Every structure is written in C-alpha cells, then in structure tokens.
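Listed here are the chains, written in short residue letters.
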Amino acid sequence: MIRALALLLALALPAAAQEVIVAGMSQNRVSITADFDGSEILIYGAVKRDAPAPEGGPLEVIVTVEGPSTPVAVRRKDRVAGIWVNNASVRVDSAPSFYAVATTGPLKHILSDVENLRYGITIERVIRAIGIADEADQAGEFVLALLRVRTNEGRYRVLEGKVELTEETLFRTDVVLPANLTEGEYKVRLFLLRDKRVIDSQERVIGVRKEGLERFVFNLSREQPLIYGLVSLVLAALAGWGASAAFRLIRV
C-alpha cells in the first residue's frame, strides 16, 4: 500500500528537467606546418531538455582545453656572490603544456570548491604536484611560479565571461591555440552548472600533429639522430657561408 501511494505521488509530481550538452567544434584536428602561427577553435553547443528549465539559479557553462601533460622541473634562482644561480628546485609530477578555462561568469561565483575538486576544472587542480613538499622549503611557491610563468607565456589562460550563453540554451566560445603547441591530443571538456553544481559534462578531443617538413624533421631527429645531427651541421655551415658571402658583397 505504501509503495503504491509513493508511486502515485511520483507520477503526480512534475518531472524534473534533465539538461544535457549537445556540442560541436569548428575543427578537431590541427596541423603544425612550417608557417603555423596558431589556430582558433570555435566550441559551440546547445542545452537539450526533456522538460521546461528547472527553477533555481541561472545556467552556467565552463569550457576547458587541456594540452598533453609532462613532468616539469621548477627552479629558483638566488643571487650568490653577485651571480644569479639555481639555488633550489622541485619536480612537478604532471603539468599540462597548455590549459585554457572559458566561462560564462567569474569562477568563484559559478563553481564550488567541492565540484572543482571532483572534476579538476581550474588550472591549479589540473597540475599534479604530489610529494614535492619534501623536496624544498615552501614548495607551494614553486607551483605558483610555474603558473605565473606559463600564464605570462600565454600557455595558461583564464577567460572568465568569454562563453556566450543565449537564453540558457545556446552557447559558444573561441579558444586561441598558440604557435608553440606541443604535439598530441588536446582534451576539451564542457560543463553545465546550476547553483555551483555540475549537472552535465562532455568531453571531446582535438588532435595536434606536425605535418610536411616539420613532421619529416621531427621523425628524423627521433629515428635517425646521427643523420639529423650531420644534416644540421651541414645546414649550419651553409648558412654561415651564405651569411659571410652576403656580407662580402655588401662591403664591396
């Protein structure tokens, strides 16, 4: 009897709207050639619902683009006897070569610390620095230094307010990939949020690969290092000879 009443109550209540992401990208492959100077990726989508939008806080969108991760040695220079030398260093276990976070609003207003910890959305949560506290005093400062350096280089970006959301249904953002891209897979993650809580997420991949002459030189350096070294010496000698000849012509 109790189960029957519960079922009737459930049927009588209005169904909660399930909101999911339907997304796409302007391209899912980037080719690095000799004249490559960066690329711009359009990430767009819509919110699919099976019922009217629920009441509560406004819908928010976060988009992240993450490049291949590698270990990083972070060094601190100190002045010793008038000379700047490396005085201490730590090894960060894994840091993305590129990371961008685009949002519809300020992160602190749309994302809770619990959800950030669960999904690893901000740059600080993506960098994995396990066990560096034993390597140097104030090891956390080394992670902050890595963030600062890569932010200044344009490899880490926080783009608050750069996701356009129309009538809580359509969204889009543009993410510019720099010229100094690392080859590999770039992970694109999209998050829908309400009341600082993630209600749906989706993941895509952008393949970044060297092509043409860049690919040939890269493969040669890995597969035939001796030949690569000899070719580099010959090219350096030819470049030096050409510069010397041009200088002589200018003097004449």
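First, a word on scope: everything that follows refers to the structure included in this document. (Residues numbered from 1 in each chain as written. Predicted model: local features only at pLDDT ≥ 70, side-chain atom pairs only at ≥ 80, totals over all residues. Heavy atoms only, no water.)

### Some thoughts on the overall build of the protein
Check the secondary structure of the protein and you find 7 helices and 12 strands. For the protein, with 252 residues in total, the buried portion stands at 36%. Of the contacts made within the protein by residues no fewer than 6 positions apart, 71% connect residues no fewer than 24 positions apart. Carbon and sulfur atoms make up 56% of the accessible area of the protein, which amounts to about 15,700 Å² in all. (Helix = DSSP H or I, 4+ residues; strand = E, 2+ residues; numbered from the N terminus. Buried < 20%, exposed > 50% of the residue type's maximum accessible area, 1.4 Å probe, protein only. Contact = heavy atoms within 4.5 Å. Areas by Shrake-Rupley, 256 points an atom, 1.4 Å probe, with all protein chains shown as cover.)

### Some points on the nonpolar core
Ranked by size, the top nonpolar core spans 27 residues in total, and within it Val-30, Ile-43, Leu-177, Leu-181, Val-188, Leu-190 and Ile-206 carry the most contacts. Going through the elements one at a time, β1 (19–25), β2 (29–32), β3 (39–49), β4 (59–66), β7 (99–103), β10 (170–177), β11 (184–194) and β12 (197–210) are the ones with two or more residues in this core. Beyond its immediate sequence surroundings of up to four residues, Leu-177 is in contact with Val-30, Gly-38, Ser-39, Ile-41, Val-65, Phe-98 and Arg-157. (Core = buried A, V, L, I, M, F, W, Y, C linked by side-chain atoms within 4.5 Å.)

### Description of the pattern of salt bridges
On inspection of all chains with the given rule, the structure shows 7 salt bridges. Residue Glu-19 pairs with Arg-49 through a salt bridge whose shortest N-O separation is 2.7 Å. With Glu-19 in strand β1 and Arg-49 in strand β3, this residue pair connects regions lying 30 residues apart in the sequence. By relative accessible area, which is 6% here, Glu-19 ends up buried. (Salt bridge = Lys/Arg side-chain N within 4 Å of Asp/Glu carboxyl O.)

### Some remarks on the pairing of β3
As paired strands, β1 and β3 are joined by 7 bridges and run antiparallel to one another. The residue of β3 that forms the bridge with Met-25 is Ile-43. Sheet topology places β3 next to β10; 8 bridges connect them, and they run antiparallel. Among the inter-strand pairings, Ala-46 is bridged to a residue of β10, identified as Leu-170. (Pairing = 2+ DSSP bridges.)

### A few points about the environment of Arg-209
You can see Arg-209 is positioned in strand β12. Once the C-alpha coordinates of Arg-209 and Glu-185 are considered, the two residues, 24 residues apart in sequence, prove to be 8.6 Å apart.

### Regarding the side chain of Ser-97
Counting through the fold element by element, Ser-97 comes out in the loop between β6 (83–96) and β7. Once residues within four sequence positions are removed from consideration, Ser-97 is found in contact with Gly-67, Pro-68, Arg-150, Arg-155, Tyr-156, Thr-182 and Tyr-186.

### Considerations on the sheet that holds β10
Spatially, β1-β3-β10-β9 is the arrangement adopted by the 4 strands of the open sheet, whose pairing is antiparallel. At either margin of the open sheet sits one strand with a lone partner, and together these are β1 and β9 (164–166). Across this sheet, the average inter-strand angle for adjacent strands is 20°, counted without regard to direction. (Axes fitted to C-alpha atoms, helices over the stretch in contact; angles between N-to-C directions.)

### Thoughts on empty space enclosed by the protein
Under the defined criterion, the tally for this structure stands at 1 cavity of 30 Å³ or more. In this structure, the largest cavity spans a volume of roughly 30 Å³. For the lining of the largest cavity, the class distribution of residues is 4 nonpolar, 3 polar and 1 charged. (1 Å grid on protein atoms, 1.4 Å probe; cavity = no way out; pocket = protein on both sides within 12 Å on 5 of 7 lines; lining within 4 Å. Points joined across faces, edges and corners; volume = space filled by probe spheres on them. Nonpolar A, V, L, I, M, F, W, Y, C, P; charged D, E, K, R; others polar.)

### Considering the side chain of Glu-115
Tracing the chain through its elements places Glu-115 in helix α3 (residues 113–119). Of note is the side chain of Glu-115, whose polar atom sits 3.0 Å from the side chain of Arg-118. Excluding residues that lie within four positions of it along the chain, Glu-115 makes contacts with Gly-120, Lys-196, Arg-197 and Val-198. (Polar contact = N/O pair within 3.5 Å; in protein donor to acceptor, adjacent residues only side chain to side chain.)

### So, the packing of aromatic side chains
Summed over the entire model, instances satisfying the criterion amount to 2 aromatic pairs. Pairing Phe-98 with Tyr-186 gives two aromatic rings, centres 6.5 Å apart and planes at 45°, and the pair type is tilted. You can see Phe-98 sitting in the loop between β6 and β7 and its partner Tyr-186 sitting in strand β11, a full 88 residues away along the chain. Take Phe-98 and Tyr-186: they sit in the same class, and that class is buried. Centroid distance Tyr-119 to Phe-191: 5.7 Å. Interplanar angle 70°. Geometry classified as edge-to-face. Here the residue Tyr-119 occupies a position in helix α3, and Phe-191 occupies one in strand β11, the gap between them amounting to 72 residues. Residue class for Tyr-119 comes out partly exposed when judged on its relative accessible area of 28%. (Phe/Tyr/Trp six-rings, centres within 6.5 Å; stacked < 30°, edge-to-face > 60°.)

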